Amino acid sequence: MSEVLKTLILGSGPAGYTAAIYAARANLEPVVLAGNQPGGQLTITSDVENYPGFPEGIMGPEMMEQFKAQAERFGTRVVFELADRVDFSTRPFHVWATSGTEYVAETVIIATGASALYLGLENERKLQGRGVSACATCDGFFFRNQVVYVVGGGDSACEEANFLTKFAREVHLLVRRDEMRASKIMQQRVVDNPKITVHWNTLVDDVHDVEKGVVTALTLRDRVTNETRRVDADGLFLAIGHKPNTELFRDWLKLDDVGYILTKPDRTATEIPGVFACGDAQDSYYRQAVTAAGTGCMAAIEAERFLESQHH
């Protein structure tokens, strides 16, 4: 693009689209590079019932279409391209898409999100939103009085397992080793919860749907004896971590040990003036659609004020 954009937004989840809505209403004429998963993680979520304003719930893909339509209503241009390379050495900043298109912008808002880590099983991907989930907070409500399995041995897995006992009849925690990585207090909470059964040295070999289109069973394998067994299950929750989609920025921005972009306290500003980060690319703690949208709003306001300070 020969023109210099006021604001370029990388990513099209709740954070990216909210940033676009606010930026467009501030006459920043934003362009959104939608990425390789337009709409973000919500596009693989079936029912969303914890986002304010939708008392009857809403399908994840439908919600993101509404986000997109609202952003476009105010003049946002959404381009279905994926950022492949950036140069933040001077402003205006340069971003190249995988198609080879070059974008030049006075401000860049990074909203590339994070991806839950999965086991790599074929049926696991097919059954996302149909019994396989990486977010107990998002989906636990749908498993009332059911039997669910949680994979993981860290604090997140323990938190997910405990949270799921509010809804599920039985919660089984599958730990691949003979000990947990979780803090002692989190381990104790799991042990003390009568609804949770811990299975040590246990791996998931397969997820079954028995032609019903939803999770119905799992094949588990003992890591020590290599013996397998099949168990009935209504849900499989993965709590083995998230990987922020930030590798693209490693040479330019400060990242934490996992890869989340470090921003100024209570801000979305990075150490590079004019570059902002929001949503799950920056938030390792909450990882919710509503909080991502909130930081998207923050990023757009900060971008607007930064441009004002530069006499734009």
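J.: Can you break down unusual backbone geometry residue by residue, with the values?
T.: R91 connects to P92 through a cis peptide bond whose omega is 10°. Non-glycine residue R287 carries a positive phi angle of around 55°. In this fold, R287 is placed in the loop between β19 (275–277) and α7 (289–309). By relative accessible area, R287 is classed as partly exposed at 25%.

J.: So what about a positive patch on the surface? Which residues, and what values?
T.: On the surface, R176, R177, R181 and R223 cluster together into a patch of positive charge. Among the residues examined, R181 registers a relative accessible area of 56% and is labelled exposed.

J.: How would you explain the sheet that holds strand β10 (residues 132–133) if you had to name every residue and give the values?
T.: Pairing is parallel in the open sheet, where 5 strands are placed in the order β10-β17-β11-β12-β13. Unpaired on one side and paired on the other, β10 and β13 (196–199) mark the two borders of the sheet. Examined bridge by bridge, strand β11 (residues 147–151) and strand β12 (residues 170–174) share 5 bridges and lie parallel to one another. Along β12, the bridge assignment pairs V151 with L174.

J.: I'd like a description of the environment of G296, backed by residues and values.
T.: Checked against the element boundaries, G296 lands in helix α7. For G296 and D257, which are 39 residues apart along the polypeptide, the C-alpha to C-alpha distance reads 23 Å. Among residues more than four places away in sequence, those in contact with G296 are A15, T18, A19 and C278.

J.: How would you sum up the pairing of β11? Please name residues and give values.
T.: Judged by how many residues are buried, β11 sits mostly within the fold: 5 of 5 residues are covered. Neither face of β11 is exposed, since V147, Y149 and V151 on one face and V148 and V150 on the opposite face are all buried.

J.: Give me the lowdown on the sheet that holds strand β14 (residues 202–208), citing residues and values where you can.
T.: Spatially, β14-β15-β16 is the arrangement adopted by the 3 strands of the open sheet, whose pairing is antiparallel. The two strands at the open ends of the sheet, each matched to only one other strand, are β14 and β16 (228–232). Here the strands of the sheet are splayed against their neighbours by 30° on average, with no regard to which way each runs.

J.: Would you mind going over the state of the cysteines in detail, with residue names and values included?
T.: In the structure shown here, the tally under the stated rule is 1 disulfide. Here C135 is linked by a disulfide to C138, with a sulfur-sulfur distance of 2.2 Å. Of note, the bridge from C135 to C138 carries an S-S torsion of about 70° and is right-handed in sense. Unpaired in terms of disulfides, C278 finds its nearest cysteine sulfur in C297, a separation of 10 Å. Since its relative accessible area comes to 17%, C297 is described here as buried.

J.: Mind laying out a nonpolar patch on the surface, listing which residues take part and the relevant values?
T.: A contiguous nonpolar surface patch, about 200 Å² in accessible area, is contributed by L117, L119 and I240. Looking at the secondary structure, you find L119 in the loop between β9 (114–116) and α3 (122–126).

J.: Quick one: what's the story with the nonpolar core, residue by residue and with numbers?
T.: Of all hydrophobic cores here, the largest spans 32 residues; its most connected members are Y17, Y51, M63, I109 and F276. For this core, the secondary structure elements donating two or more residues are α1 (14–25), α2 (60–73) and α7. If one sorts the elements of this core by residue count, α7 sits on top with 8 residues. Leaving out residues up to four positions away in the same chain, Y17 has contacts with S12, V32, M64, F67, K68, A71 and V78. A97, A105, V108 and A281 belong to the second largest nonpolar core, which has 23 residues in total.

J.: With reference to specific residues and values, describe the packing of aromatic side chains.
T.: Scanning the entire structure with this criterion turns up 11 aromatic pairs. Aromatic pair Y51 and F67: ring centres 5.9 Å apart, planes at 75°, arrangement edge-to-face. With Y51 in the loop between β3 (47–48) and β4 (58–59) and F67 in helix α2, this residue pair connects regions lying 16 residues apart in the sequence. F67 carries the same exposure label as Y51, and that label is buried. In textbook terms, an aromatic cluster arises when at least three aromatic residues are bridged by ring pairs, as seen for F88, F93, F249 and W252. Positioned above the aromatic ring of W96, the side-chain terminus of R85 is 3.9 Å from the ring centre. Directly above the ring of Y118 sits R125, whose terminal nitrogen or CZ lies 4.3 Å from the centroid.

Rules behind the numbers
Residue positions are given per chain, counting from 1 as you read along its sequence in written order. Reporting in this predicted model follows two pLDDT cut-offs: at least 70 for local features of residues, and 80 or more for side-chain atom pairs to be given and counted; totals over whole chains, interfaces and linings ignore these cut-offs and use all residues. Note that the side-chain values use all heavy atoms of the structure and ignore hydrogens as well as water. Starting at the N terminus, helices and strands are each numbered in turn, a helix being any DSSP run of H or I of at least four residues and a strand any DSSP run of E of at least two. Exposure classes here rest on a 1.4 Å probe applied to the protein chains alone. A residue is buried below 20% of its type maximum, exposed above 50%, and partly exposed in between. Two joining distances apply to patches: 9 Å for like charges and 5 Å for nonpolar side chains (Val, Leu, Ile, Met, Phe, Trp, Tyr), and every residue must have over 30% relative accessible area and no salt bridge. Accessible areas in this description were obtained via Shrake-Rupley with a 1.4 Å probe; residue shielding takes into account the shown protein chains only. By definition here, a salt bridge exists when the distance from a side-chain nitrogen of Lys or Arg to a carboxyl oxygen of Asp or Glu is within 4 Å. Charge assignment: positive for Lys and Arg, negative for Asp and Glu; neither His nor the chain ends contribute. By convention, charge coordinates are those of NZ in Lys, CZ in Arg, CG in Asp, or CD in Glu. Pairing between strands is defined by DSSP: at least two bridges between the two strands are required. Residues count as neighbours in contact if any of their non-hydrogen atoms are within 4.5 Å of one another. Note on method: axes are straight lines fitted to C-alpha atoms, helices fitted across the in-contact stretch only, with angles between N-to-C directions ranging 0 to 180 degrees. Two cysteine sulfurs form a disulfide in these notes if their separation is within 2.5 Å. Definition of nonpolar core: a set of buried residues of the types Ala, Val, Leu, Ile, Met, Phe, Trp, Tyr and Cys, connected through side-chain atoms within 4.5 Å. Aromatic contacts are taken between Phe, Tyr and Trp rings whose centres are within 6.5 Å, Trp giving its six-membered ring; a plane angle under 30 degrees counts as stacked, one over 60 as edge-to-face, and the others as tilted. The criterion is that NZ of a Lys, or CZ of an Arg, lies within 6 Å of the ring centre and within 35 degrees of the ring normal, and then a charge sits over that ring.

In short, shape yes, function no, at least from these values alone.
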